[in-house]
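Structural features, examined
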Amino acid sequence: MRVLVAEDVEDLATAIAAGLRREGMAVDVAFDGNAALDRLACTRYDVVVLDRDLPGVHGDEVCRRQAADRSGSRVLMLTAAGTVRDRVEGLGLGADDYLPKPFDFAELVARIRALGRRPATSLPPVLERGGVTCDPGRRIAFRAGRRLELSPKEFALLECLLGAAGRVVSAEELLERVWDEAADPFTTAVKQTMRRLRAKLGDPPVIRTVREGGYQIGEP
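What you see is a predicted model; the values in this text were computed from it and never measured. (Residues numbered from 1 in each chain as written. Predicted model: local features only at pLDDT ≥ 70, side-chain atom pairs only at ≥ 80, totals over all residues. Heavy atoms only, no water.)

1. Digging into the sheet that holds strand 1 (residues 2-6)
Strand order in this open sheet of 5 strands is 2-1-3-4-5, and the pairing throughout is parallel. Either end of the sheet is taken by a strand with one partner, and the two such strands are strand 2 (26-30) and strand 5 (97-100). Taken over all neighbouring pairs, the strand axes of this sheet differ in orientation by 20 degrees on average, direction set aside. Looking at chain direction, strand 1 and strand 3 (residues 47-50) are connected through 4 bridges and run parallel. Bridge pairing in strand 3 links Ala6 to Leu50. Sheet strands in contact with helix 1 (residues 10-22) are strand 1, strand 2 and strand 4 (74-79), and its direction is about 170 degrees off that of strand 2. Along the sheet face, helix 2 (residues 33-42) touches strand 1, strand 2 and strand 3 and points at about 140 degrees away from the line of strand 2. (Pairing = 2+ DSSP bridges. Helix = DSSP H or I, 4+ residues; strand = E, 2+ residues; numbered from the N terminus. Axes fitted to C-alpha atoms, helices over the stretch in contact; angles between N-to-C directions. Contact = heavy atoms within 4.5 Å.)

As structure tokens, this is what we get:
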């Protein structure tokens, strides 16, 4: 899951990003509205965690533009403005969810995951293909009844492949969806992580390498 955290309090933004990365998400950070719009213009995010009171372009305007673009990114407003009127206004701007500060981090993670299950094409809460099952909400995966012990990146890679529902996923898309902006576009991280994931899935092989750098899980 690729997440953008748009929050002007740098300590809070950094802490949220670090916590979400521990949950296996790829996270970018923007400290003002202009930076948020710049990132949204060049990267497709599953979820945008958006503070309303951003400097530069206000968070409300960021939300309006994002809703108008129909990019498929879900917006979770995370703000100190927490009255019922504030929530109604925020949702009316196009936000998909609204969480007032102070907040419980476990609830933030749960809400982000819930929004991530509602992309343009809805995904089921449990993904399955080729005898492999993945439950993103509980962070567990199985093959033929055997629980898989996966690292966060291995799990995210598996989730992305299963979520494609048989579509071939390019190495470039996997790098964009599973890693964040700190990833070197020329890195071998996808190949290395894929090799470890295949080893943990065991035989017979369930992930195919497709010509020109794509991957597909299960039967073609």
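From this point on, the discussion continues.
2. Structural notes on the pattern of salt bridges
Within this structure, the stated rule accounts for 18 salt bridges. Between Asp28 and Arg2 there is a salt bridge, with the nearest N and O atoms lying 2.7 Å from each other. A residue pair is termed long-range when its members are at least 10 positions apart, and Asp28 in strand 2 and Arg2 in strand 1 qualify at 26 residues. A relative accessible area of 5% places Arg2 in the buried class. For Arg138, the salt bridge identified is with Asp135, shortest N-O distance 3.8 Å. Judged by its relative accessible area of 60%, Arg138 is exposed. Since its relative accessible area comes to 12%, Asp135 is described here as buried. It is possible to trace a salt-bridge network through shared partners that takes in Arg52, Asp60, Arg85 and Glu89. (Salt bridge = Lys/Arg side-chain N within 4 Å of Asp/Glu carboxyl O. Buried < 20%, exposed > 50% of the residue type's maximum accessible area, 1.4 Å probe, protein only.)

Shape descriptors only; they carry no functional weight alone.
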